[in-house]
Amino acid sequence: QVQLVESGGGLVQAGGSLRLSCAASGLTFSGLSMGWFRQAPGKERRFVGSINWNGGNTYYADSVKGRFTISRDNAKNMVYLQMNSLKPEDTAVYYCNTVPSMNYWGQGTQVTVSS
């Protein structure tokens, strides 16, 4: 049974930082590309960034490039999202998933950036 559990969200002031974590189970994690996605209120879920199976390649949406960094630990089945220089427009529920994404989604973690 696949499980994706996101954590680490919270309320932060603009310019601040947060580190999100995603614990994955029930899938062959080390062989999969993983990604982060976010959904702001009233908007569709959007791609944030991805990391390939061994962490050697990452890709980011233009809106977060240079501010966000994705990493992973295959020994722990974990993927991380380091978010720096946060902006109010980064406010959203953040999700992790495989890339391409599965139909299953975890509960996400709320990130709120105040101005």
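Residues numbered from 1 in each chain as written. Predicted model: local features only at pLDDT ≥ 70, side-chain atom pairs only at ≥ 80, totals over all residues. Heavy atoms only, no water.

Undergrad: Talk me through the layout of surface pockets; I want residue IDs and the actual numbers.
TA: Approximately 250 Å³ is the volume attributed to the largest pocket. Lining the largest pocket are Arg38, Gln39, Ala40, Lys43, Glu44, Arg46, Phe47, Ala61, Ser63, Glu89, Thr91 and Ala92. Mapped by element, the contributors of at least two residues to the lining of the largest pocket are β4 (34-39) and β5 (46-51). Taken together, the residues of the lining of the largest pocket break down into 4 nonpolar, 3 polar and 5 charged. (1 Å grid on protein atoms, 1.4 Å probe; cavity = no way out; pocket = protein on both sides within 12 Å on 5 of 7 lines; lining within 4 Å. Points joined across faces, edges and corners; volume = space filled by probe spheres on them. Helix = DSSP H or I, 4+ residues; strand = E, 2+ residues; numbered from the N terminus. Nonpolar A, V, L, I, M, F, W, Y, C, P; charged D, E, K, R; others polar.)

Undergrad: Describe in detail a nonpolar patch on the surface, supporting the description with residues and values.
TA: Taken together, the side chains of Phe47, Tyr59 and Val99 define a hydrophobic patch exposed on the protein surface, amounting to about 280 Å² of accessible area. Among the secondary structure elements, Tyr59 is positioned in strand β6 (residues 58-60). According to the relative accessible area criterion, Tyr59 is exposed, its value standing at 55%. (Patch = residues over 30% accessible without salt bridge, like charges linked within 9 Å, V, L, I, M, F, W, Y side chains within 5 Å. Areas by Shrake-Rupley, 256 points an atom, 1.4 Å probe, with all protein chains shown as cover. Salt bridge = Lys/Arg side-chain N within 4 Å of Asp/Glu carboxyl O. Buried < 20%, exposed > 50% of the residue type's maximum accessible area, 1.4 Å probe, protein only.)

Undergrad: Explain the state of the cysteines to me, using residue names and the numbers behind them.
TA: Here the structure, examined in full by the defined rule, presents 1 disulfide. Residue pairing for Cys22: its cysteine sulfur links by disulfide to Cys96, the two sulfurs lying 1.8 Å apart. Every disulfide takes its handedness from the sign of the S-S torsion; for Cys22 and Cys96 that torsion is 45 degrees, giving right-handed. With Cys22 in strand β3 (residues 18-25) and Cys96 in strand β9 (residues 92-98), this residue pair connects regions lying 74 residues apart in the sequence. Cys96 shares its class with Cys22; the two are buried. (Disulfide = S-S within 2.5 Å.)

Undergrad: Summarise the pairing of β4; cite the residues concerned and give the values.
TA: Burial runs high along β4: 5 of the 6 residues are buried. Of the strand pairs in this sheet, β4 and β5 are connected by 5 bridges, and their pairing is antiparallel. Each residue of the ladder has a partner; that of Trp36, found in β5, is Gly49. Hairpin connection, β4 to β5: the antiparallel pair is bridged by 6 residues, and Gly42 has positive phi, about 75 degrees. Where β4 meets β9, 6 bridges bridge the pair, whose relative direction is antiparallel. Bridge assignment links Trp36 to a residue of β9, and that residue is Cys96. (Pairing = 2+ DSSP bridges.)

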